[in-house]
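Per-entry structural report
Below, each chain spelled out in residue letters.
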Amino acid sequence: MKKYILLLLTVVAISCNTKKENDTVKDTTAVHEEHNEKELHLTQAQVATAKIKVAAITKRTIREKVSVTGTIEVPPQSKATIYAPMEAFVYKTELLPGDKVKKGQIIATLKHPSFVELQHAYIKAVNDRNVAKADFERKKVLLENDITSKKSFETVKGKYQSIQSLVNNYSTQLRLAGLHPEEILNKGIQSYIYVRTPIEGYVVENNLNQGKYLAANTEMMEIIDNDHMHAELNVFATDILKIKKGDDFVFQPSGVDLSYRGYIKLISQKVNDVTKTVNVHGHFEDEKHILKSGMFINAQVLIGGKKVYAVPENAIVEIEGETFVFVKESTTDFLPLEVSIGNTDNGFTEIKSIEGNVYDLEIVTEGAHFLKGKLLQMAGNMEGHAH
């Protein structure tokens, strides 16, 4: 009886072991089949066409980011607001916002009776000054020869100096108005004032039209030279101690498909009472001259840094809100693995975790978007087949 029981237990044990082995084989096969379903099989020609390149996942120093907002601005010396020098009417203006102007170019021609009156007063003052000067010099000679009294000489001297001061006053007014006193004396009274731009740049605001009346000091036009634009960043006071001069920052303006990189040049020493932010001045290059003064930007200041696993930005693709990299299985076979990512710095993105938790892999660094397209195409075919 014992022999029969022992034999039965042996048969049952062997049966159970066989079932477990079969289940294990099924599980392994299922996993392999699951991987095969995702694995992309390319031809050598497709690999060449996609220009696929691979590299190992390595550790790199990735800096942390401090998110800030700001605007694109130009320095004070690159912006000119031009005002009417005197009461005037606009006789001629041809510029429109967006027009480029050179330094010294005429931006408007003005006219008004007061121009003529000022020039006439200047010429009269010059003539009176010349008479007074001659009288002064004559009295001076007489005084030296004791022919006239000192009191008489001082009277003439005072009159001459007073008229000379009036000439200087009119001369200054004429220069401020854009007229040249020397030309008026040589060529006579001029009917127009020609307003010129003090800088080279672009017209961004024009408040003129032909015949418009301008009171003295009315704003006429604004011109900006955008060759020296910079970023004015607003950093919260709680973050300002993390940032120092020389730190890099990156930004991508809304609606512009380009990323820009710059560095922190100046940090204000005052916290804004209203916004509780500190103004930070950053320099960058806009080689294509795309950005405009006043643009709002979201930027990230890069600070500190630590060694982490990282891959080139182009190695990462996004599919339905999830991020993936493609692992090289062979020269023509590639497998997508899901990853979670962190900060991006100098073209490399931190890999916080990777499916399978194995980092000793070679991944696709160029051509990943081609593989993404093939993966989506394969998924679409499978979905259609299921229907």
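Presented here is an overview of the structure given in this document. (Residues numbered from 1 in each chain as written. Predicted model: local features only at pLDDT ≥ 70, side-chain atom pairs only at ≥ 80, totals over all residues. Heavy atoms only, no water.)

Considerations on the packing of helix 3 (residues 113-144) against helix 4 (residues 150-176)
Taken N-terminus to C-terminus, the directions of helix 3 and helix 4 make an angle of 155 degrees; their axes are 8 Å apart at the nearest point. Between helix 3 and helix 4, the crossing angle belongs to the class labelled roughly antiparallel. Judged by the twist between their axes, the crossing of helix 3 over helix 4 is left-handed. Partitioned by chemical class, the residues of the contact of helix 3 with helix 4 number 16 nonpolar, 5 polar and 8 charged. (Axes fitted to C-alpha atoms, helices over the stretch in contact; angles between N-to-C directions. Helix = DSSP H or I, 4+ residues; strand = E, 2+ residues; numbered from the N terminus. Parallel < 35°, antiparallel > 145°, perpendicular 65-115°, else oblique. Left-handed = near helix turned anticlockwise from the far one by under 90°. Nonpolar A, V, L, I, M, F, W, Y, C, P; charged D, E, K, R; others polar.)

Describing unusual backbone geometry
Not every positive phi belongs to a glycine, and Asn217 is a case in point at roughly 70 degrees. Mapping Asn217 onto the fold places it in the loop between strand 10 (213-214) and strand 11 (219-224). Assessed through its relative accessible area of 58%, Asn217 is described here as exposed. (Buried < 20%, exposed > 50% of the residue type's maximum accessible area, 1.4 Å probe, protein only.)

As for the packing of aromatic side chains
A complete count under the given rule lists 9 aromatic pairs for this structure. One aromatic cluster in this structure is built from Phe249, Phe251, Tyr260 and Phe284. Here Lys59 stacks its cationic end above the ring of Tyr309, 5.1 Å away from the centre of that ring. (Phe/Tyr/Trp six-rings, centres within 6.5 Å; stacked < 30°, edge-to-face > 60°. Lys NZ or Arg CZ within 6 Å of the ring centre and 35° of its normal.)

Focus: the pattern of salt bridges
Evaluated as defined, the whole model comprises 10 salt bridges. Ionic pairing is found between Lys242 and Asp239, a salt bridge with its closest N-O pair at 3.3 Å. Ionic contacts of the salt-bridge type, sharing partners, join the residues Arg63, Asp248 and Asp345 into one network. (Salt bridge = Lys/Arg side-chain N within 4 Å of Asp/Glu carboxyl O.)

Let's talk about the sheet that holds strand 5 (residues 88-92)
With antiparallel pairing, 4 strands are arranged side by side in an open sheet as 8-7-5-10. This sheet does not close on itself; its edge strands, each paired only once, are strand 8 (192-196) and strand 10. The pairing of strand 7 (residues 106-111) with strand 8 spans 5 bridges and is classified as antiparallel. Bridging from a neighbouring strand, Leu110 pairs with Ile193 of strand 8. (Pairing = 2+ DSSP bridges.)

A closer look at a negative patch on the surface
A surface patch of negative charge is lined by Glu320, Glu322, Glu338 and Glu355. Relative to the helices and strands, Glu322 resides in strand 18 (residues 322-328). (Patch = residues over 30% accessible without salt bridge, like charges linked within 9 Å, V, L, I, M, F, W, Y side chains within 5 Å. Areas by Shrake-Rupley, 256 points an atom, 1.4 Å probe, with all protein chains shown as cover. Lys, Arg positive; Asp, Glu negative; His and termini not counted. Charge placed at Lys NZ, Arg CZ, Asp CG, Glu CD.)

Looking at the sheet that holds strand 6 (residues 100-101)
Taken in spatial order, the 4 strands of this open sheet run 4-11-9-6, and their pairing is antiparallel. Every interior strand has two partners, whereas the edge strands, strand 4 (79-83) and strand 6, have only one. Note that strand 9 (residues 201-206) and strand 11 share 4 bridges and pair antiparallel. By the bridge assignment for strand 11, Asn206 is matched with Met221.

Shape descriptors only; they carry no functional weight alone.
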